[in-house]
Amino acid sequence: MSSRMAGSLLLRHAGTRLFTAGAVSPAAAARPALLAGADGGVPAVMMRLMSTSSSSPAAAAAKADSQAKDEAAKAAKDGGDKKAVVINSYWGIEQNNKLMREDGTEWKWTCFRPWETYTADTSIDLTRHHEPKTMLDKIAYWTVKSLRFPTDVFFQRRYGCRAMMLETVAAVPGMVGGMLLHLRSLRRFEQSGGWIRALLEEAENERMHLMTFMEVAKPRWYERALVITVQGVFFNAYFLGYLLSPKFAHRVVGYLEEEAIHSYTEYLKDLEAGKIENVPAPAIAIDYWRLPANATLKDVVTVVRADEAHHRDVNHFASDIHCQGMQLKESPAPIGYH
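Keep in mind that this is a model prediction, so the values were computed, not measured. (Residues numbered from 1 in each chain as written. Predicted model: local features only at pLDDT ≥ 70, side-chain atom pairs only at ≥ 80, totals over all residues. Heavy atoms only, no water.)

Asks: Teacher, can you tell me more about the packing of helix H5 (residues 159–188) against helix H8 (residues 246–273) here?
Replies: Between two packed helices, both the angle of their axes relative to each other and the distance between the axes serve to describe the pair. Contact geometry of H5 with H8 gives a least axis separation of 11 Å together with a crossing angle of 160°. With respect to each other, H5 and H8 are oriented roughly antiparallel. For H5 against H8, the interelement crossing comes out left-handed. Contacts between H5 and H8 involve Tyr-159, Gly-160, Arg-162, Ala-163, Leu-166, Glu-167 and Pro-173 on the former and, on the latter, Val-253, Ala-260, Ser-263, Tyr-264, Glu-266, Tyr-267 and Asp-270. (Axes fitted to C-alpha atoms, helices over the stretch in contact; angles between N-to-C directions. Helix = DSSP H or I, 4+ residues; strand = E, 2+ residues; numbered from the N terminus. Parallel < 35°, antiparallel > 145°, perpendicular 65-115°, else oblique. Left-handed = near helix turned anticlockwise from the far one by under 90°. Contact = heavy atoms within 4.5 Å.)

Asks: Explain the packing of aromatic side chains to me, please; I cannot follow it from the model alone.
Replies: In this description, an aromatic ring pair is defined by two values, namely the gap between the centres and the angle between the planes. All chains considered together, the criterion is met by 13 aromatic pairs. Each ring, one from Trp-109 and one from Phe-112, has its centre 6.0 Å from the other, and the planes form 20°; the classification is stacked. The buried category is assigned to Trp-109, whose relative accessible area is 17%. Among the aromatic residues, ring-to-ring pairing joins Trp-107, Trp-109, Phe-112, Tyr-118, Tyr-288 and Trp-289 into one connected group. (Phe/Tyr/Trp six-rings, centres within 6.5 Å; stacked < 30°, edge-to-face > 60°. Buried < 20%, exposed > 50% of the residue type's maximum accessible area, 1.4 Å probe, protein only.)

Asks: What am I meant to see in the UniProt feature "binding site: Fe cation 2" (unreviewed entry) in the protein here?
Replies: The sites that UniProt annotates as "binding site: Fe cation 2" (unreviewed entry) are Glu-206, Glu-257, Glu-308 and His-311. In summary, the annotated positions, though distributed over 106 residues, converge in three dimensions, the widest C-alpha pair being only 10.9 Å. Here Glu-257 is in contact with Glu-202, Glu-206, Glu-308, His-311 and Arg-312, once residues within four sequence places are set aside. Structurally, the position occupied by Glu-308 is in helix H10 (residues 297–323). If near-sequence neighbours (up to four positions away) are discounted, Glu-308 is found in contact with Glu-167, Glu-206, His-209, Glu-257, Ala-260, Ile-261 and Tyr-264. (UniProt positions renumbered as here; feature names shortened; annotations may be inferred.)

Asks: Please clarify how the confidence of the model for the protein should be interpreted in this entry.
Replies: For any part of a model where pLDDT is low, the fine detail of the predicted coordinates should not be relied upon. Per-residue confidence for the protein gives a mean pLDDT of 79; residues scoring 70 or more make up 72%. Per-element confidence in the protein is highest for H10, whose mean pLDDT is 95, and lowest for helix H2 (residues 26–29), whose mean pLDDT is 44. Counting interchain partners and residues more than four positions distant, the pLDDT-below-50 stretch residues 16–55 has eight contacts. (pLDDT = per-residue confidence, 0-100.)

Asks: Can you walk me through the packing of H5 against helix H7 (residues 221–244) in this structure?
Replies: Interaxial distance between H5 and H7 falls to 9 Å at its minimum, and their mutual angle equals 30°. The orientation of H5 with respect to H7, classified from their angle, is roughly parallel. Here H5 and H7 pass one another in a crossing that is right-handed. Residue-level inspection shows Cys-161, Met-165, Thr-168, Val-169, Val-172, Pro-173, Val-176, Gly-177, Met-179, Leu-180 and Leu-181 of H5 in contact with H7, the latter providing Glu-223, Leu-226, Val-227, Val-230, Gln-231, Phe-234, Phe-235, Tyr-238, Phe-239, Tyr-242 and Leu-243. Along the lines of polarity and charge, the residues of the contact of H5 with H7 split into 18 nonpolar, three polar and one charged. (Nonpolar A, V, L, I, M, F, W, Y, C, P; charged D, E, K, R; others polar.)

The structure is reproduced here in structure tokens:
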């Protein structure tokens, strides 16, 4: 028998013992596939490595997509349609979007904060009127009276839309006056006696009136166009008027506020008579004036009218200061008076 035939016979009888699974020791089974044989080990390991490396980006993308879906579902469950917008920046500006009310609920307004809210003083005298004595006062008085007639004709008794128009005009004087006093303070290196802040507070308060009545009455397209026209004319006219005579400008605003009190009083009469539906108060009004949760439109009109009475007093007072030959800075401003 040749040596080749002897080797073949030996492998045939011993192969089953050498390469069966039962003959492999636990230590050998734990070794990497690379050590199993030079022919089959290397391709097996390389195939496993190639499979792992090629599937990792897809697995990462799938994992990220799953996390995003989980976060979206959690946000929808917690806040419904609320969307927390956080801008990441290297400027280090902190966004405190988690303000809370006194009852523990989350504060949802970004246009004003809890410490800017207040309870309106509705005990103020609504009947006070400044009798025009000087020629300048009479011009201011009849200027305002002449503006009331076209307003009555246009809006009739649609007091919701009338209030919106009124507030778009009423929010201008405080901003113009505060701006001009600010520039004057910078030019002359002098303090303002707090009047810059007082007038800007007035402008912001009037703007919040507008934001409130936007929830009550939806303006039509021609009313929006009228607002743009009136604001453009009134801003420039008041700007020039304040430059020429702050005394006259503040007196005009005082009389405008008197007319506002009259308009809101008529509004309340129609609400009480049932001619206008006394709907629930807008949520923004409830939070801004700290009204009870069951407040109605009548409550909103009442506090807005009180604000207008305070603005009336402040502007007549400012005009009186000028009438006495003094500057506003010489008398402390009634900050927070509204």
